[in-house]
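Descriptive analysis of the structure
Residues per chain are reported as follows:
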Amino acid sequence: VQGTGGSSAVSKCSAAARGYIQDRFLRLLAGRRRRRAPLIHRGYYIRARAVDHCVQDFLLKTQSLPRTQILSLGAGFDSLYFRLKDMGLLHHTVVYEVDFPNVAHQKATLIKGMKELSELVGDTGEEGLGAVTFSGEDYKLLGVDLSELSKLERILEEAGLNSEIPTLLIAEVVLTYMENPRSDALIQWAAEHFPQACFLLYEQVHPGDPFGHVMQQHFRQLSTALHSLAQYPDCEAQQRRFLGKGWTECSVMDMNEFFTRCIPEDEQQRVQTLEPFDEYEEWHLKCSHYFVLAASKGMDPSWTPLLPSMTVPRPAGPVGMAGSVPAAVCARLSGIPGLRRYGHCSVLVKPNVILTTGGFGEEDGQHCRMRNFHVLSKPAGYWEAVCVTQNIPDKRWGERLYHTVSCLSDTLALVVGGRTSPSSAGLGMLWLKFPKTCNASGPDDVAVELASLQPAAEAALLRWRHSTTEMTFKGEQYLFVYGGRSALEPVLGDWWFLHTPELSCTAIAVEGPVPESRHSHSACSWKGGVLIAGGLGAAEQPLGSVFLLRELEHGFQWQMIETHPPLVPRYSHTAHVHEGKLLLVGGVWFHASSVPGVTVIDLMTGLCLDYVINVEHLEWPLMLHNHSSILLPNEKELLVIGGGGNCFSFGTHLNPEPVSLSLSSILISH
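Cut-offs and rules
- Residues numbered from 1 in each chain as written.
- Predicted model: local features only at pLDDT ≥ 70, side-chain atom pairs only at ≥ 80, totals over all residues.
- Heavy atoms only, no water.
- UniProt positions renumbered as here; feature names shortened; annotations may be inferred.
- 1 Å grid on protein atoms, 1.4 Å probe; cavity = no way out; pocket = protein on both sides within 12 Å on 5 of 7 lines; lining within 4 Å.
- Points joined across faces, edges and corners; volume = space filled by probe spheres on them.
- Nonpolar A, V, L, I, M, F, W, Y, C, P; charged D, E, K, R; others polar.
- Helix = DSSP H or I, 4+ residues; strand = E, 2+ residues; numbered from the N terminus.
- Domains from an automatic or database assignment.
- Contact = heavy atoms within 4.5 Å.
- Axes fitted to C-alpha atoms, helices over the stretch in contact; angles between N-to-C directions.
- Parallel < 35°, antiparallel > 145°, perpendicular 65-115°, else oblique.
- Buried < 20%, exposed > 50% of the residue type's maximum accessible area, 1.4 Å probe, protein only.
- Arc of directions from axis to C-beta.
- Buried area = accessible area lost by both parts, 1.4 Å probe.
- Salt bridge = Lys/Arg side-chain N within 4 Å of Asp/Glu carboxyl O.
- Pairing = 2+ DSSP bridges.
- Core = buried A, V, L, I, M, F, W, Y, C linked by side-chain atoms within 4.5 Å.

- Labelled according to an unreviewed UniProt entry, the protein chain appears under the name tRNA wybutosine-synthesizing protein 4, originating from Sinosuthora webbiana.
- Taken verbatim from the UniProt record of the protein chain, the Sequence similarities (unreviewed entry) comment is "Belongs to the methyltransferase superfamily. LCMT family."
- Per UniProt, the protein chain carries the Subunit (unreviewed entry) text "Interacts with RNF144B/IBRDC2."

Some details on the layout of surface pockets
- Estimates place the volume of the largest pocket at around 1200 Å³.
- Residue lining of the largest pocket: 38 residues in total, with Ser-346, Ala-523, Ala-575, His-576 and Ser-629 positioned closest to the centre.
- For the lining of the largest pocket, the per-class residue count stands at 13 nonpolar, 22 polar and three charged.

Remarks on empty space enclosed by the protein
- A complete count under the given rule lists one cavity of 30 Å³ or more for this structure.
- By volume, the largest cavity is sized at about 50 Å³.
- Along its surface, the largest cavity is lined by Asn-256, Phe-259, Thr-260, Gln-272, Trp-283, His-284, Ala-539, Glu-540, Gln-541 and Phe-590.
- Of all elements in the fold, only helix 12 (255-262) and helix 14 (280-288) reach the threshold of two or more residues within the lining of the largest cavity.
- Considering only residue class, the lining of the largest cavity consists of four nonpolar, five polar and one charged.
- The residues that make up the lining of the largest cavity include at least three from each of domain 1 (3-297) and domain 2 (321-662).

Focus on the environment of Tyr-402
- Tracing the chain through its elements places Tyr-402 in the loop between strand 16 (384-389) and strand 17 (404-409).
- The spatial distance from the C-alpha of Tyr-402 to the C-alpha of Ser-520 is 8.7 Å, given a sequence separation of 118 residues.
- Ignoring sequence-local partners within four residues, the contact set of Tyr-402 consists of Asp-278, Glu-281, Tyr-342, Gly-343, Gly-418, Arg-419, Trp-464, Arg-465, His-466 and Asn-626.

Observations concerning the packing of helix 12 against helix 14
- Taken N-terminus to C-terminus, the directions of helix 12 and helix 14 make an angle of 100°; their axes are 6 Å apart at the nearest point. Regarding the angle of helix 12 to helix 14, the classification is roughly perpendicular. For the pair helix 12 and helix 14, contact is made by Met-255, Asn-256 and Phe-259 and by Trp-283, His-284, Cys-287 and Ser-288, respectively.
- Each residue belonging to the contact of helix 12 with helix 14 can be placed in one class, and the counts come to four nonpolar, three polar and no charged.

So, unusual backbone geometry
- Here Thr-500 and Pro-501 are connected by a cis peptide whose omega angle stands at 5°.
- In this model, His-564 is joined to Pro-565 through a cis peptide bond whose omega is -10°.
- Relative to the elements of secondary structure, Pro-565 occurs in the loop between strand 29 (555-560) and strand 30 (574-578).
- Phi angles above zero are rare outside glycine, and Lys-527 is one such case at about 50°.

Comments concerning helix 7 (residues 149-158)
- Those residues of helix 7 not exposed but buried are Leu-149, Leu-152, Ile-155 and Leu-156. The arc that holds the buried residues of helix 7, viewed along the axis, is 130°, so those residues lie on one side. Exposed residues on helix 7 whose side chains face more than 90 degrees from its buried face are Ser-150, Glu-157 and Glu-158.
- The positive-phi residue at the C-terminal boundary of helix 7 is Gly-160, with phi of around 105°.

A look at the domain arrangement of the protein chain
- According to the domain assignment, the protein chain contains domain 1 (3-297) and domain 2 (321-662).
- Once you take the C-alpha centre of each, domain 1 and domain 2 turn out to be 41 Å apart.
- Residue-level contacts link 31 residues of domain 1 with 33 residues of domain 2.
- Here domain 1 meets domain 2 over a buried area of about 2700 Å², counting both sides, of which 62% is carbon and sulfur.
- Of all residues in domain 1, Asp-278, Tyr-280 and Glu-281 bury the most surface against domain 2, accounting for 24% of the area lost on that side.
- Here domain 1 is connected to domain 2 by five salt bridges.

Some remarks on the sheet that holds strand 25 (residues 509-511)
- Strand order in the open sheet formed by five strands is 25-29-28-27-26, and the pairing between neighbours is mixed. Strand pairing shows two members of the sheet lacking a second neighbour, strand 25 and strand 26 (522-526), which therefore form its edges. The average undirected angle you get between the axes of adjacent strands in this sheet is 20°.
- Alignment of strand 28 (residues 546-551) against strand 29, held across five bridges, turns out to be antiparallel. For Leu-549, the partnering residue across the bridge sits in strand 29 and is Trp-558.

A look at the nonpolar core
- In terms of nonpolar packing, the biggest core is built from 75 residues, with Ile-46, Val-55, Met-255, Phe-258, Val-292 and Phe-650 touching the most fellow members.
- Residue contributions to this core peak at twelve residues, all from helix 3 (residues 38-61).
- When residues are assigned to domains, this core turns out to be shared by domain 1 (3-297) and domain 2 (321-662), each giving three or more.
- By size, the runner-up hydrophobic cluster in this structure holds 38 residues, among which are Leu-149, Ile-155, Leu-161 and Ala-191.

Quick notes on the pairing of strand 32 (residues 598-602)
- The buried count for strand 32 comes to four of five residues, which makes it a mostly enclosed element.
- Sheet topology note: the strand 32/strand 33 (residues 608-614) ladder contains four bridges and is antiparallel. Bridging from a neighbouring strand, Val-598 pairs with Tyr-611 of strand 33.
- Remark: five residues form the turn of the hairpin made by strand 32 and strand 33, two consecutive strands paired antiparallel; Gly-606 in that turn has positive phi of roughly 80°.

Section: the pattern of salt bridges
- This structure, assessed with the given rule, holds 31 salt bridges.
- One salt bridge connects Arg-465 with Asp-278, and the closest N-O pair in it is separated by 2.8 Å. Taken together, the residues Arg-465 in the loop between helix 15 (455-460) and strand 21 (467-473) and Asp-278 in the loop between helix 13 (265-272) and helix 14 connect sequence positions 187 residues apart.
- What makes Asp-278 buried here is its relative accessible area of 3%.
- Each of Asp-278, Glu-281, Arg-419, Arg-465 and Arg-485 takes part in salt bridges that share partners, so that together they form one network.

Given below as structure tokens:
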């Protein structure tokens, strides 16, 4: 547990070095320096913002009082005191920090050994008195175990803490490491001991979904189990906990809500452009698994709750589920490493033959961008892996993620876009040519050839997280390329009509309300046109709109499809059309109470029903984002291949094997 403080200080220090947070003291306290990934930077940025937001709010609202105090529980190597002091915010506030004795001693030694820190505090030389490891005019560092409440109370009193003056208590990922009876007792003690107080809590939530399972497993492996989660699994339970332990006001929000509602738009944009970034799913999942809570009692009503009253509407309550869809692993497909990947593309080349290309996954026990092509076929009633080619000799393939593959015939497919790293330009188009006998032989026989376009169109189509959909206009075949993102544009809203097979870019008139720019949406062919659903919009917010690009006599028209109840905004899902119904599979949404399953939209009536996926027969967490899915209409079955991602600092999760979703109960023909 003590080690977690050091590693979080290193992560905060790395985020500060990249400009996410302004804090010149972190590098002095973190000790070692290590550059973290952009996803980690964002995670520690939002944590620092949430804590600072509440602390500065407390100081602002109590600035007219003669004296206040801050008590930071399990403070570790945090720089809060030095930041506040440097900003001139501690005129009448004393900061008390408590941590394990050896952590407090280490920090005290650091402060004494660094002029920049010790001069800011002004050492009064009172340390060495029992548990006090460092003492300044307005800063006391104490070494005591938080679970020993009577000892904690005595030592705080000896150090000068006055329970009668307004106090802010801070516990930033601390209480969850304590056994629940001990952390509950601490929360209740604080409410009873301080007549006027606020309590700020930041920690994990939602243990039961796939990301939550991976998160818990990570902390168990570190021998730092998260004890709060079983008893307090969601924000509402944490709120009830504080209200039941003597606190009179309590507001709480997860970090998606905090980012959207408490961080000004210009600051959101600043952070989103600091580094090349393409891990939206993991960022939003991380944010839905952490919360900030502010409780108070005895304070002036105008000070509470700490979190501001928002003008942005809160997301609606939990999503009502109309039923469930059973999931089962496919016999004979377990243990095939080539199928553990995400950001890939799977396509039905011909009946019962599926080609999977690209993505990031597992090869020879290593995580890497995938070079191999993978074919599944179903010769005798069950799926089997035909072959994996480890090395496509053709350099033009380029280890791509987030590309599309469109089959134009059973011997020809077109690859559009994709990327290697998010800082590099998108990749060009390729033809994939298969032999007629593709089901019998493996992808060794797949020929990769460059597809050439006019230079201007080729440059415009360098994108990823887009969609490419087959459509017809006046009896001619086209591919409709829409949306996505590029190295320069975080979100695109343009579209292109590619006449096949020679790939000439054709200008076709389109009227009607233009959909807002998006990437990671879904697109399906329907009635000669294209259905676009969901996606991630310009402000990195999920979208809930569904549009039909409908054929008219002289061109096309965008038409919005109204759904009722409204479709819950989502992205990174897959989609299929079956008998007038649009099926959306998985994805990421901000409704943390559940994960997206299968949503069925009746395209005639607009009726929208959500079904949960029943995973009781799976022995591992099923992550349904960055996956691919193939609809097998005759069997009323969906085959889900791959999926998962880099789960913040908790490790990479790849769905280990393909999963079959039985749709027979939800696709009853009326």
